[in-house]
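Geometric and topological summary
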Amino acid sequence: MTPVFALDFISPQRLWLMLAVGVVAAVYVALQWRRRHYAVRFTNIALLDKVAPKRPGWRRHLVAALFIATGALQVVAFAGPQKQSRIPRERATVILAIDTSLSMDATDVDPSRIAGAKEAALAFVEAVPPKINIGLVSFNARAIILVPPSTDRDRVRTAINGLSLGNGTAIGDAILSSLEALKAAPPDEQGTQPPAAIVLLSDGKTTVGTPDSEAARIAAEAKVPISTIAFGTPDGRIRSPDTGTYISVPVDEEALHRIADATGGSFFGAKSTDELKSIYANIGSAVGYEKAPREITRYFVGLAMLAGLMTAALSLAWFQRLP
């Protein structure tokens with residue numbers, strides 16, 4: 001298929017018929033030039049005005065232009081025009097892995113990192129097409145599969161709203177748990193698993209459990225891309241539950257960047273809830289939708305019919321004949 005002005009064509013070779021339309025346009029222009037040249041050679045202008053019929057001027061040219069446009073639109077329709085359209089995927093699985101370590105209680109993001117994460121995750125669940133399976137994994141010192149992949153959005157929403165914080169950050173274990181959760185995704189009629197991806201949100205780096213590099217290697221071998229989101233700012237801090245003093249908890253982007261690079265995913269950084277919502281929206285669009293050609297022949301047929309009817313109507317109204 002050959003792209004022309006953002007269009008593809010099922011039979012692009014038929015566009016060669018546009019040459020015939022060009023020939024008609026060229027002949028019309030040549031005839032107009034010849035008529036004007038003859039009028040200039042007829043030196044008795046007063047006599048020419050009496051013997052020659054009154055020239056319709058721009059009206060004649062408008063009817064001719066519409067007639068030629070009708071032919072051009074018919075040729076385009078005959079070639080089978082298509083346009084790339086965004087359509088919902090029929091099947092795919094996304095695992096949301098959300099950090100629930102104590103550092104997510106930091107208020108450098110309004111109202112807090114965990115509150116912003118919940119709000120953005122809920123928006124993501126609403127935006128993804130209903131046929132996409134969504135699972136949820138939470139992780140602090142240990143990773144837990146809260147919701148296996150399914151299309152049950154209410155269950156995912158309830159689990160997101162119920163996220164609670166705890167000690168430690170086990171990003172590697174969260175990746176392994178997400179891979180395990182993907183195995184529970186319902187297969188299609190042929191028994192094959194749908195395309196899968198993991199979206200992991202965190203504000204720190206691994207402190208316990210499986211090393212990030214090992215978990216990322218296993219995900220890469222399974223051909224499951226992990227898109228990572230570093231959520232927070234360098235100014236984050238929380239109050240220690242033991243001493244009551246403030247502890248600095250700056251976001252760590254480097255570790256999450258390495259995970260995304262190792263698995264073929266994308267890395268994002270968000271310093272506000274609005275930024276996080278926008279990132280989730282972009283990820284949801286990439287995972288939940290795909291580009292596919294959509295035939296739009298009927299639009300060009302309709303335009304050709306409209307142009308043809310206008311040509312006939314104007315010709316009858318102005319010249320009392322069909323072109």
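Below is a summary of the structure that appears in this document. What you are looking at is a predicted structure, and each value in this text was computed from that prediction instead of being measured.

Some words on the overall build of the protein chain
Scanning the protein chain from N- to C-terminus turns up ten helices and eleven strands. Taking all 323 residues of the protein chain together, 41% fall into the buried category. Within the protein chain, counting contacts between residues at least 6 apart in sequence, those at least 24 apart form 78% of the total. Accessible surface for the protein chain amounts to roughly 17800 Å². Of this, 59% is attributable to carbon and sulfur atoms.

With respect to a nonpolar patch on the surface
On the surface, a cluster of nonpolar side chains totalling about 250 Å² of accessible area is made up of V23, V27 and L31. Locating V23 in the fold gives a position in helix 1 (residues 18-41).

Examining the packing of helix 4 (residues 113-127) against helix 5 (residues 153-161)
Orientation of helix 4 relative to helix 5, taken along the N-to-C sense of each, is 175°, at an axis distance of 10 Å. Classed by the angle they form, the pair helix 4 and helix 5 counts as roughly antiparallel. From helix 4, K118, A121, L122, V125 and E126 reach across to helix 5, where they touch R153, V156, R157, I160 and N161. Here the residues of the contact of helix 4 with helix 5 sort into five nonpolar, one polar and four charged.

Description of helix 5
Buried residues of helix 5: R153, V156, A159 and I160, and no others. Within helix 5, the buried residues cover an arc of 130° as seen down the axis, which keeps them to one side. Those residues of helix 5 that are exposed and angled more than 90 degrees off the buried face are D154 and T158. The elements touched by buried residues of helix 5 are helix 4, strand 4 (133-139) and strand 5 (143-150). For helix 5, the N-terminal capping position is held by D152, with its side-chain oxygen 3.3 Å away from the main-chain nitrogen of D154.

Side note on the pairing of strand 5
Inspection of the sheet shows strand 4 paired to strand 5 by five bridges, in the antiparallel sense. When the sheet's bridge partners are listed, V137 is paired in strand 5 with I145. Connecting strand 4 to the next strand, strand 5, in antiparallel fashion are three residues.

Comments concerning the pairing of strand 4
In terms of burial, strand 4 is largely enclosed, as seven of its seven residues are buried. Judged by which residues are buried, strand 4 turns out to be covered on both faces: N133, G135, V137 and F139 on one side and I134, L136 and S138 on the other are all buried. Both strand 3 (residues 93-99) and strand 4 contribute to a ladder of seven bridges, which runs parallel. Residue pairing for strand 4: D99 is matched across the bridge by F139. Taken together, strand 3, helix 4 and strand 4 constitute a β-α-β crossover, and its handedness is right-handed.

What about the packing of aromatic side chains?
If you walk through the whole model with that rule in mind, you get two aromatic pairs. Where F124 meets Y280, the ring centres are 5.4 Å apart and the plane angle is 50°; that geometry is what we call tilted. Taken together, the positions of F124 in helix 4 and Y280 in helix 9 (residues 273-288) put the pair 156 residues apart, joining distant regions of the chain. With respect to burial, F124 and Y280 carry one shared label: buried. Between R14 and the ring centre of F78, over which it is positioned, the NZ or CZ distance is 4.2 Å.

About the criteria used
- Residues numbered from 1 in each chain as written.
- Predicted model: local features only at pLDDT ≥ 70, side-chain atom pairs only at ≥ 80, totals over all residues.
- Heavy atoms only, no water.
- Helix = DSSP H or I, 4+ residues; strand = E, 2+ residues; numbered from the N terminus.
- Buried < 20%, exposed > 50% of the residue type's maximum accessible area, 1.4 Å probe, protein only.
- Contact = heavy atoms within 4.5 Å.
- Areas by Shrake-Rupley, 256 points an atom, 1.4 Å probe, with all protein chains shown as cover.
- Patch = residues over 30% accessible without salt bridge, like charges linked within 9 Å, V, L, I, M, F, W, Y side chains within 5 Å.
- Salt bridge = Lys/Arg side-chain N within 4 Å of Asp/Glu carboxyl O.
- Axes fitted to C-alpha atoms, helices over the stretch in contact; angles between N-to-C directions.
- Parallel < 35°, antiparallel > 145°, perpendicular 65-115°, else oblique.
- Nonpolar A, V, L, I, M, F, W, Y, C, P; charged D, E, K, R; others polar.
- Arc of directions from axis to C-beta.
- Polar contact = N/O pair within 3.5 Å; in protein donor to acceptor, adjacent residues only side chain to side chain.
- Pairing = 2+ DSSP bridges.
- Right-handed = clockwise from strand over helix to strand, strands pointing away.
- Phe/Tyr/Trp six-rings, centres within 6.5 Å; stacked < 30°, edge-to-face > 60°.
- Lys NZ or Arg CZ within 6 Å of the ring centre and 35° of its normal.

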